[in-house]
Amino acid sequence: MKPWFLKVSAVMICALVLCPAHAARKAGDIEVQKGMAKAADGSSVPYEIGTIYLPENRANPNSRLIGVGFARIKARQPGNAPPVFWLPGGPGLAVLDAFDGSSDAARNRLRSWLTYGVVGDLVVVEQRGNTLRGEMLRQPGRAVPLDRPFTDAQRREAAVQLARDAVAANPDKDLAGYTIRDCADDVDAVRRALGYGKITLFGGSFGSQWSFAVMRAHPDIVARAVLTAVEPLDFGYDMPSQLLAAMKRIAADADRDPGLAPYLPPGGIMAAANAVRERLARAPVEVAVEGQRIVLGLEDFQSALQDEAADAGNWPAFVLSLYHGHYEAWARNEIKGRQAEPQKLIGPLIDTSLGVTPRRAAQLRADPALPLLGNAGFEPYMAAAEAWPTPDMGDSFRRMGRSEIPVLLIHGDWDSSTPVENTLAQLPYFPNGKALIVHRGGHDGAFYLLREAPQAKEAVYRFLKTGEMKDLPGELTLPVPAFVKPAFAPES
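Quick caveat: nothing in here was measured; it's all calculated off a predicted structure.

Along its length, the chain carries 17 helices and 15 strands. For 492 residues, the compact-globule estimate of 2.2 N^0.38 gives 23 Å, and the chain sits close to it at 23 Å. Principal-axis analysis of the C-alpha atoms places the extent of the chain at approximately 75 × 55 × 50 Å. When the 492 residues of the chain are sorted by exposure, 55% land in the buried category. Here the chain holds 54 positive side-chain charges and 56 negative ones, and the gap between their average locations is 5 Å.

Low pLDDT means the predicted coordinates in that region are not meant to be read closely. Within the chain, residue pLDDT values average 93, and 95% of them lie at 70 or more. Per-residue pLDDT stays below 50 along residues 1-22; that stretch engages in 47 contacts with residues further than four places along the chain or on separate chains.

Right, let's get into unusual backbone geometry. In this structure, the amide linkage connecting glycine 90 to the following residue, proline 91, adopts the cis form with an omega of -5°. By the element assignment, proline 91 lies in the loop between β5 (84-87) and α1 (104-114).

Another aspect to go through is the packing of aromatic side chains. Considering all chains together, one arrives at 13 aromatic pairs under this definition. An aromatic cluster of at least three residues, connected via ring pairs, comprises Tyr47, Trp86, Phe99 and Trp113. Stacked on the ring of tyrosine 178, the Lys or Arg arginine 128 has its end atom at 5.8 Å from the ring centre. Seen from the ring of phenylalanine 235, arginine 360 lies directly overhead, with NZ or CZ sitting 3.9 Å from the centre.

This brings us to the nonpolar core. Counting 55 residues, the largest nonpolar core has Phe85, Ile180, Leu201, Val214 and Met215 as the members making the most contacts within it. Once residues lying within four places of it in the same chain are set aside, the contact partners of isoleucine 180 are Phe206, Gln209, Trp210, Ala213, Leu233, Ile350, Leu354, Met393 and Phe397.

What follows concerns the environment of proline 265. Residue position: proline 265 is located in the loop between α5 (240-254) and α6 (268-282). The class of proline 265 is buried, set by a relative accessible area of 10%. Note: C-alpha distance between proline 265 and alanine 275 (10 residues apart in sequence) is 9.7 Å. Beyond its immediate stretch of four places on either side in the chain, proline 265 contacts Ala272, Leu320 and Tyr323.

A word on the packing of α6 against helix α8 (residues 315-323). Orientation of α6 relative to α8, taken along the N-to-C sense of each, is 45°, at an axis distance of 9 Å. Classified by the angle between their axes, α6 and α8 sit oblique to one another. Considering only the axes of α6 and α8, their crossing is left-handed. Facing α6, whose interface residues are Ile269, Met270, Ala272, Ala273, Ala275, Val276 and Arg279, α8 presents Trp315, Pro316, Val319, Leu320, Leu322 and Tyr323. Here the contact of α6 with α8 is built from residues that sort into 12 nonpolar, no polar and 1 charged.

Rules used throughout
Residues numbered from 1 in each chain as written. Predicted model: local features only at pLDDT ≥ 70, side-chain atom pairs only at ≥ 80, totals over all residues. Heavy atoms only, no water. Helix = DSSP H or I, 4+ residues; strand = E, 2+ residues; numbered from the N terminus. Rg over C-alpha atoms; globule rule 2.2 N^0.38 Å. Buried < 20%, exposed > 50% of the residue type's maximum accessible area, 1.4 Å probe, protein only. Lys, Arg positive; Asp, Glu negative; His and termini not counted. Charge placed at Lys NZ, Arg CZ, Asp CG, Glu CD. pLDDT = per-residue confidence, 0-100. Contact = heavy atoms within 4.5 Å. Phe/Tyr/Trp six-rings, centres within 6.5 Å; stacked < 30°, edge-to-face > 60°. Lys NZ or Arg CZ within 6 Å of the ring centre and 35° of its normal. Core = buried A, V, L, I, M, F, W, Y, C linked by side-chain atoms within 4.5 Å. Axes fitted to C-alpha atoms, helices over the stretch in contact; angles between N-to-C directions. Parallel < 35°, antiparallel > 145°, perpendicular 65-115°, else oblique. Left-handed = near helix turned anticlockwise from the far one by under 90°. Nonpolar A, V, L, I, M, F, W, Y, C, P; charged D, E, K, R; others polar.

Okay, here's the thing in structure tokens:
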């Protein structure tokens with residue numbers, strides 16, 4: 001049974017004079033299906049979901065064509081606002097399953113998209129090589145042994161091996177064409193195929209970085225942009241000390257939580273994290289869970305500390321559990337993570353190609369938070385860059401540059417994936433830009449961060465529609481979350 005808000009009537013239409021279904025395809029051809037979605041108020045909203053055919057490698061005149069998925073939800077009332085181009089994150093997030101209602105996440109995504117009708121048309125573009133309307137590039141991964149820690153050296157070796165395996169397994173594909181610049185050109189191709197002039201960009205995390213690439217490659221087509229969990233072009237590898245600063249802000253509230261108080265050592269959450277770090281630096285631990293044994297070491301903890309901070313409400317309990325010697329939940333996650341799983345190729349293809357400037361690389365390698373957080377966030381990709389065939393984008397593409405495009409940058413200061421300092425560094429390059437800092441906001445999408453502030457959300461919609469920045473606040477504060485307690489009684 002279809003969800004209440006999704007009623008689909010699938011009718012194949014030809015979007016061009018020459019329908020690709022009946023003739024040899026050429027670059028720029030599209031195939032489209034029409035459907036109807038039902039909004040929360042019961043009204044019907046037309047949409048189209050389709051595929052655009054584009055060169056796999058634009059640098060090769062004889063390149064094969066690949067499909068890139070897109071969708072368009074028409075505005076409820078046609079107006080003069082430029083369409084909003086919604087760009088998914090990742091790299092590696094495919095989103096067009098929103099129209100089949102196959103999961104709660106898909107249904108929630110469509111429900112959110114339908115609200116953009118008050119602004120104008122909404123166009124969603126998926127990433128080449130990771131699109132439900134084209135190819136999903138995957139490579140079988142290799143299992144990591146359980147009988148020893150997963151070290152930095154092993155991570156670098158695994159990253160290089162993945163690149164070599166992927167190239168060897170795809171001789172019929174030109175993997176050099178899967179760059180962020182190509183993704184930016186894909187957005188422009190969809191824009192032209194749908195007959196639009198100027199567009200508005202909306203993206204979070206990698207979607208924001210992709211938006212910066214569009215603004216760098218095609219500045220004349222962008223009317224304005226709303227970006228969240230901001231990831232500048234030269235900031236694809238996050239600065240450990242800035243990630244640690246987000247964790248310290250989470251810890252400051254957690255240290256005052258009455259439910260966590262019996263578990264806290266002197267110095268609070270961060271003291272507990274440093275104590276676990278020192279313990280594992282001396283020797284790894286062996287943990288038995290559900291008939292399996294795993295050895296966990298310092299580098300495992302460094303990676304997990306950052307990964308777990310994505311859920312601020314649970315992160316203090318994770319740290320305190322390890323501090324008190326309760327490793328079982330961590331061990332279960334690590335056992336699962338070391339299994340052989342298919343790897344999405346679009347992430348390393350794009351990220352190693354974009355890379356960072358030499359200045360940024362030097363800062364990363366000298367960062368003072370490396371002893372606690374390690375270098376797994378950048379060294380494996382740096383080591384594997386030459387093994388991937390995507391070309392280096394170059395420093396002139398990566399470096400921040402002045403842009404007159406009006407931009408709203410929304411960022412949570414508890415974001416431990418793309419730290420708030422990214423927005424503070426990028427903002428000066430947009431003289432017509434504005435930042436909205438959400439205190440206690442994490443890596444969620446912009447409108448999730450604004451869920452407690454409907455007036456601010458309305459102001460964001462107004463900016464999307466008109467470019468007007470009036471009534472946009474500079475900061476918001478979310479309530480302190482309900483921190484989860486460790487799953488064991490405190491020591492008496």
